[in-house]
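# Geometric and topological summary
Below, each chain spelled out in residue letters.
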Amino acid sequence: MADYEMRIIIFLALWLFTIMKARQLIQIKRRALRRRALLQTLEAGSMRLSSAVLEYEAATLRLNTQQLIERVMLVASLRNNRCRPSVWAFPRASQWWEAIVPGFSNTEWLQNFRMSEETFTYLWHKLRARMERQDTTFRLCVSVKKRVAIALWKLATGSEYRTIGHLFGVSITTVCRCVQDFCAAAESLLVPEQIRFPDEGRFSEMSAYMENRWGLPLCVGAIDGSHIPIIAPKECHTDYFNRKEWHSIILQGVVDGGLTADQHLFNQTVSRVRVVVENAFGRLKGRWRCLLKRNDSDIALSKSMVLTCCALHNLCESHGEIFDNTLDDAVDEPAVGANHGSEEQGAHIRDAVMQYLCSNR
């Protein structure tokens, strides 16, 4: 009986042990399944997260690219459709220059600019290298042709800067700069060509012409001077105060073109020659009327304007420009007084010329 009971007890113990082990294995398997399911869930979530991140980055990149393209297109559009800033370019009327002047006849060119359109074209092309300006971001520059026309109008009429500005549709400052630049360019490029000292061969030709035309030997030209009115300079103004009690600068020019009987013949011959230079001054001032009026510019610009007018006069003469005598209504300017200090030095030359004239009478 005791053995039988012992066996039953052992059998029950083994059975209980087997059941417990089985339960443990079942729990382990369940935990493993839950762990595997959790891992799968985490992996799936991670994949979804990675996909979402990639989609977000792609969308951001597309957005940035689109914004960049829009900005580039906006900048290009602004550059192509850029408006001129009204702050830097005040609108002015310029119909006279743009619409009227292109229709001028040759006579109208001579009346308004003192030269033909052909000579005007030659002039602005010659000065183009010194007077041309470039367009800027803020405004368009005034063309060389218009800048030369503005300066010529000032020299030809002597009008005020404000009046010229209204006529050409530019500011007073622009007119002033055009005149300054034109005179500087003319001094550099035009004066050396139009006003130069003759060489020996040219001197011989001039001397022969003067003797054949006027009967004066060993004479190469007629010399005279003319007063150009100016405003009193700030420095050394007394040096420019003439005997008529107004300020002026003296323009001296040489043109290649109860007395005794002998002295009268000499004076008559010399006076005939002096008419040449007097007429030349009349033509000069008739063309460039700024020489008749008081020049209110500083002394340096006044001298430059006078020199430029002389060069322009020679240019017009060399190009055969017709001079309108109706323009020559210049008032008589005081003649430049003779240099009495050199009278005795030139007396023997004057006597020799007088004897030559008397012997060939």
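Everything below is about the structure printed above this text.
### Digging into a nonpolar patch on the surface
A cluster of nonpolar side chains, Tyr 4, Ile 8, Phe 11, Leu 12, Trp 15 and Leu 16, forms an exposed patch at the surface whose accessible area comes to about 660 Å². Relative to the assigned elements, Ile 8 resides in helix α1 (residues 2-80). Residue classification places Ile 8 among the partly exposed residues on the basis of a relative accessible area of 34%.

### Examining the pattern of salt bridges
This model, assessed by the stated rule, comprises eight salt bridges. For Arg 133, the salt bridge identified is with Asp 181, shortest N-O distance 3.0 Å. Here the residue Arg 133 occupies a position in the loop between α5 (128-131) and α6 (144-157), and Asp 181 occupies one in helix α8 (residues 172-194), the gap between them amounting to 48 residues. When its relative accessible area of 35% is taken as the criterion, Arg 133 is described as partly exposed. The partner of Asp 296 in a salt bridge is Arg 294, with the nearest N and O atoms 2.9 Å apart. Overall, the relative accessible area of 52% leaves Arg 294 in the exposed class. Sharing partners across several salt bridges, the network here consists of Arg 133, Arg 147 and Asp 181.

### Considerations on the nonpolar core
In terms of nonpolar packing, the biggest core is built from 57 residues, with Phe 113, Leu 123, Leu 152, Phe 168, Phe 182 and Trp 288 touching the most fellow members. If we ignore the near neighbours within four places in the chain, the residues touching Phe 168 are Ala 93, Ser 94, Trp 96, Trp 97, Phe 113, Lys 146, Ala 149, Ile 150 and Trp 153.

### Describing the pairing of strand β1 (residues 222-229)
Here β1 lies mainly inside the structure; seven of its eight residues are buried. Examined bridge by bridge, β1 and strand β2 (residues 248-255) share eight bridges and lie antiparallel to one another. In the sheet register, Ile 223 faces β2, and the bridge partner there is Val 254.

### What about the packing of aromatic side chains?
Across all of its chains, the model carries twelve aromatic pairs by this definition. Their ring planes at 40° and their centres at 6.4 Å tell us that Trp 96 and Phe 113 sit as a pair that is tilted. Residue Trp 96 is found in helix α2 (residues 95-100), and its partner Phe 113 is found in helix α3 (residues 106-113); the two are separated by 17 residues along the sequence. Exposure remark for Trp 96: the relative accessible area of 19% places this residue in the buried category. Here Phe 113 falls in the buried class, since its relative accessible area comes to 0%. Each ring, one from Phe 113 and one from Trp 153, has its centre 5.8 Å from the other, and the planes form 70°; the classification is edge-to-face. With a gap of 40 residues between them, Phe 113 in helix α3 and Trp 153 in helix α6 connect regions that are remote in the sequence. The burial state of Phe 113 is the same as that of Trp 153; both residues are buried.

Criteria and cut-off values
- Numbering of residues starts from 1 in every chain and runs along the sequence as written.
- Where totals are concerned, whole chains, interfaces and linings use all residues; where local detail is concerned, this predicted model gives features only for residues with pLDDT of at least 70, and gives and counts side-chain atom pairs only at 80 or more.
- Computation of side-chain values covers all heavy atoms of the structure but excludes hydrogens and water.
- Within the patch definition used here, like charges are joined within 9 Å and nonpolar side chains (Val, Leu, Ile, Met, Phe, Trp, Tyr) within 5 Å, considering only residues with over 30% relative accessible area and no salt bridge.
- Computed by Shrake-Rupley with a 1.4 Å probe, the accessible areas treat only the displayed protein chains as cover when residues are assessed.
- A pair is scored as a salt bridge if a Lys or Arg side-chain nitrogen falls within 4 Å of a carboxyl oxygen belonging to Asp or Glu.
- By definition, any uninterrupted DSSP run of H or I lasting at least four residues is a helix, any uninterrupted run of E lasting at least two residues is a strand, and each is numbered from the N terminus.
- Relative accessibility under 20% of the residue-type maximum defines a buried residue, over 50% an exposed one, and the middle range a partly exposed one, all with a 1.4 Å probe and only protein chains included.
- Joining through side-chain atoms within 4.5 Å is the link that ties buried Ala, Val, Leu, Ile, Met, Phe, Trp, Tyr and Cys residues into a set, and such a set is a nonpolar core.
- Contact criterion: two residues are considered in contact whenever any of their non-hydrogen atoms come within 4.5 Å of each other.
- Pairs of strands are assigned from DSSP output, requiring at least two bridges between the strands.
- Note on ring pairs: Phe, Tyr and Trp rings are taken, using the six-membered ring of Trp, and paired if centres are within 6.5 Å. Classes follow the plane angle, with under 30 degrees stacked, over 60 edge-to-face and the rest tilted.

None of this, on its own, says anything about what the molecule does.
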